[in-house]
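Examining the three-dimensional arrangement
What follows is each chain in one-letter form.
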Amino acid sequence: MYFWEEEKGKHVLKHAHDNILTNIYIMTHCLCSSFLLSGTTWMQEMVSLISSRGDPHLIQTVPNWARAPWLEQYYCAAVLETSSTVPRVITTHLPHHLLGPALQGSRAKVIYVSRNPKDVVVSFYHFHKMANFLPDAGTFTEFLNRFLEGTLCFGSWFDHIKGWTSQTATVNNLLHITYEEMLLDLHGAIKRVSSFLQCPLVDEEVNNCVQHCSFSTMKNNKMVNYTMVPDDIMDHSKGSFMRKGKTGDWKNMFTEEQNQYFESTFKSKMQDCTLEFVWEV
Ligand code: A3P
């Protein structure tokens, strides 16, 4: 089992029981993987709704962290226990290089969600400020520097996306979908995910999924908007987890100088990667 620990102001990945990951994979039907603040919760909701064919009962009665628990948040037994519904769904933010060996022996369907990193860092900053379990976010400039250096929790966004998406060409059971694609065409995204999960839906079922995983419905669903999390863990007076749900919000946050620094770092770190990003819609 892998977990994060703070060491000298940085988050370091430690591991305890190595072979457990393989067991989790064997027993997992769907793994939702993503860097933080990239649309993870949205995908959890989508997968829950697809598996119940658009029926909202599950998403209205069971919190997302119990329906699709985080691999890195609990010890193995707890993950398997809390995710005992069929199909079993597990969520993770771990980088691919830590999960690759376990993935090879698994038949789990893996969905990797990515989002343009300018919106990720802005969303991450707001989340960091409300999350009392994380260290002080500092100013946005400091936070942006740490994001680009890869020294925030879960490490480098660049390594994360390159690690996971480099697998899509060779691994059949891995679907890469973007936050922006979901935002631009939620109906189409649901059909794509349901077909990947081999759970094709009729139009009425897709429409129900669309309705229940829209931003406004999720914002008002306490089973997914994190308002059930106590204030000492997430301080709701500092903001909402379901904050804006938009693409291009970085434009309201980045200064010209920050944007130039971002662009030059992005260019050099992504020179070996051909992925295209949608920066605004
Ligand atoms: P913002 O902070 O930009 O609003 P994650 O679940 O990976 O932590 O991602 C959280 C981000 O996804 C937040 O972004 C949140 O508002 C957004 N999000 C969650 N559900 C959404 C939905 N149905 N539509 C659009 N954005 C959504």
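Remember, it's a predicted structure, so these values are computed and weren't measured experimentally.

Another aspect to go through is the packing of helix α2 (residues 40-51) against helix α11 (residues 186-196). Relative to each other, α2 and α11 sit at 65°, their axes nearing to 10 Å. α2 and α11 meet at a crossing whose hand is right-handed. Each of M46, V47 and I50 in α2 lies in contact with α11, whose residues at this interface are I190, V193 and S194. A breakdown of the residues in the contact of α2 with α11 according to their chemical character gives five nonpolar, one polar and no charged.

To continue, consider the site of the ligand. Lining the immediate surroundings of the ligand are 21 residues, of which T40, T41, S123, R243 and G245 lie closest. Considered class by class, the residues forming the shell around the ligand number eight nonpolar, nine polar and four charged.

Right, let's get into the sheet that holds strand β3 (residues 30-34). Taking strand neighbours across the sheet as the criterion, the four strands line up as β4-β3-β5-β6 in an open arrangement whose pairing is parallel. Each edge of the open sheet carries a strand with a single partner, namely β4 (89-92) and β6 (174-178). Across the sheet, the mean angle separating the axes of adjacent strands is 20° when strand polarity is ignored. Relative to β6, strand β5 (residues 109-114) is paired through five bridges, and the arrangement is parallel. Bridge assignment links V110 to a residue of β6, and that residue is L174. Most of the contacts of α2 go to β3, to which it runs at about 160°, and overall it touches β3, β4 and β5.

A word on the pairing of β4. The alternating pattern of β4 places V89 and T91 and I90 and T92 on opposite faces, both of which are buried. In this sheet, β4 lies alongside β3 in parallel orientation, the contact comprising four bridges. Pairing of C32 across the sheet is with T91, part of β4.

Here the focus is unusual backbone geometry. The backbone phi angle of L37 is positive, close to 55°, even though this residue is not glycine. Its identity is not glycine, yet Y226 carries a phi of approximately 70°, on the positive side. Note that Y226 resides in the loop between α13 (215-219) and α14 (256-269). Given 20 C-beta atoms within 10 Å, Y226 falls into the buried group.

Our focus in this paragraph is α2. For α2, with twelve residues, the first-to-last C-alpha span of 17 Å sits near the 16 Å given by 1.5 Å per residue. Of all twelve residues making up α2, twelve are buried, and the element is well covered by its neighbours. Among the residues of α2, T40, T41, W42, M43, Q44, E45, M46, V47, S48, L49, I50 and S51 are the ones counted as buried. After α2 finishes, the residue R53 shows a positive phi value of roughly 55°.

Conventions we followed
- Residues numbered from 1 in each chain as written.
- Predicted model: local features only at pLDDT ≥ 70, side-chain atom pairs only at ≥ 80, totals over all residues.
- Axes fitted to C-alpha atoms, helices over the stretch in contact; angles between N-to-C directions.
- Helix = DSSP H or I, 4+ residues; strand = E, 2+ residues; numbered from the N terminus.
- Left-handed = near helix turned anticlockwise from the far one by under 90°.
- Contact = placed C-beta atoms within 7 Å.
- Nonpolar A, V, L, I, M, F, W, Y, C, P; charged D, E, K, R; others polar.
- Near = placed C-beta within 6 Å.
- Pairing = 2+ DSSP bridges.
- Buried ≥ 20, exposed ≤ 12 C-beta atoms within 10 Å, placed from the backbone.
- Expected span 1.5 Å × (residues − 1).

Spatial relationships are all this shows, so hold off on functional conclusions.
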